[in-house]
Amino acid sequence: MKTYNRAKTLALNNGQDYHLAAVLRRKGRVVRIGINTHKTHPKFKRQYRDGTWGSHMHAEMDALRFSQPGDELEVMRFRKSDNKYALAKPCVFCMKHIKASGIKKVTYTDENGDWVEMFL
């Protein structure tokens, strides 16, 4: 619970419109809590359908910088209005990097605040 409270604090204070956190775990231990940010990383540069480019990091990408094959990822989103969980399913860009990183399980919050497990 302490990890989730820390993740929530980081996500709600990220200065972004969306408040997400991704907890990277290795053998049950927290390795990194990533948040969405305007910081960039060349590994995560991507082109959108309209032809524009982006390289800012989603919470998952921030955490994946420290991942190893076999790690697990928990992704959560918080609504600023009431601090409750919201849908945090990783986008297609994040899923591409999650799979390439060798992550074996992703757990994320759904629109009702319930946890959904995805095994890769």
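A quick note: this is a predicted structure, and the numbers were derived from the prediction, not measured.

A few points about helix α1 (residues 2-12)
Regarding α1, the residues found buried are Ala7, Ala11 and Leu12. The arc that holds every buried residue of α1, seen down its axis, measures 120°, which confines them to one face. Buried residues along α1 sit in contact with β1 (19-26), β2 (29-35) and β7 (72-78).

Points about the pattern of salt bridges
Counting across every chain of the model gives 7 salt bridges. A salt bridge links Glu117 to Lys105, with the shortest nitrogen-to-oxygen separation between them at 3.3 Å. Separated by 12 residues along the polypeptide, Glu117 in strand β10 (residues 115-119) and Lys105 in strand β9 (residues 105-109) bring together distant segments of the chain. One continuous salt-bridge network, built from bridges that share partners, spans Arg32, Asp62 and Arg65.

Focus on the confidence of the model for the protein
For the protein, the average pLDDT comes to 92, and 100% of its residues sit at 70 or higher. Between the elements of the protein, mean pLDDT differs from a low of 76, seen in strand β4 (residues 46-47), to a high of 98, seen in β9.

Digging into the packing of aromatic side chains
Two numbers describe a pair of aromatic rings. These are the distance of the centres and the angle of the planes. For the structure shown, the criterion picks out 3 aromatic pairs. Ring geometry for Tyr85 versus Trp115: centroids 5.6 Å apart, planes at 70°, classification edge-to-face. Taken together, the positions of Tyr85 in strand β8 (residues 85-86) and Trp115 in strand β10 put the pair 30 residues apart, joining distant regions of the chain. For Tyr85, a relative accessible area of 25% translates into the label partly exposed. Among the aromatic residues, those joined into a ring-pair cluster are Tyr4, Phe78, Tyr85 and Trp115.

Conventions and cut-offs
Residues numbered from 1 in each chain as written. Predicted model: local features only at pLDDT ≥ 70, side-chain atom pairs only at ≥ 80, totals over all residues. Heavy atoms only, no water. Buried < 20%, exposed > 50% of the residue type's maximum accessible area, 1.4 Å probe, protein only. Helix = DSSP H or I, 4+ residues; strand = E, 2+ residues; numbered from the N terminus. Arc of directions from axis to C-beta. Contact = heavy atoms within 4.5 Å. Salt bridge = Lys/Arg side-chain N within 4 Å of Asp/Glu carboxyl O. pLDDT = per-residue confidence, 0-100. Phe/Tyr/Trp six-rings, centres within 6.5 Å; stacked < 30°, edge-to-face > 60°.

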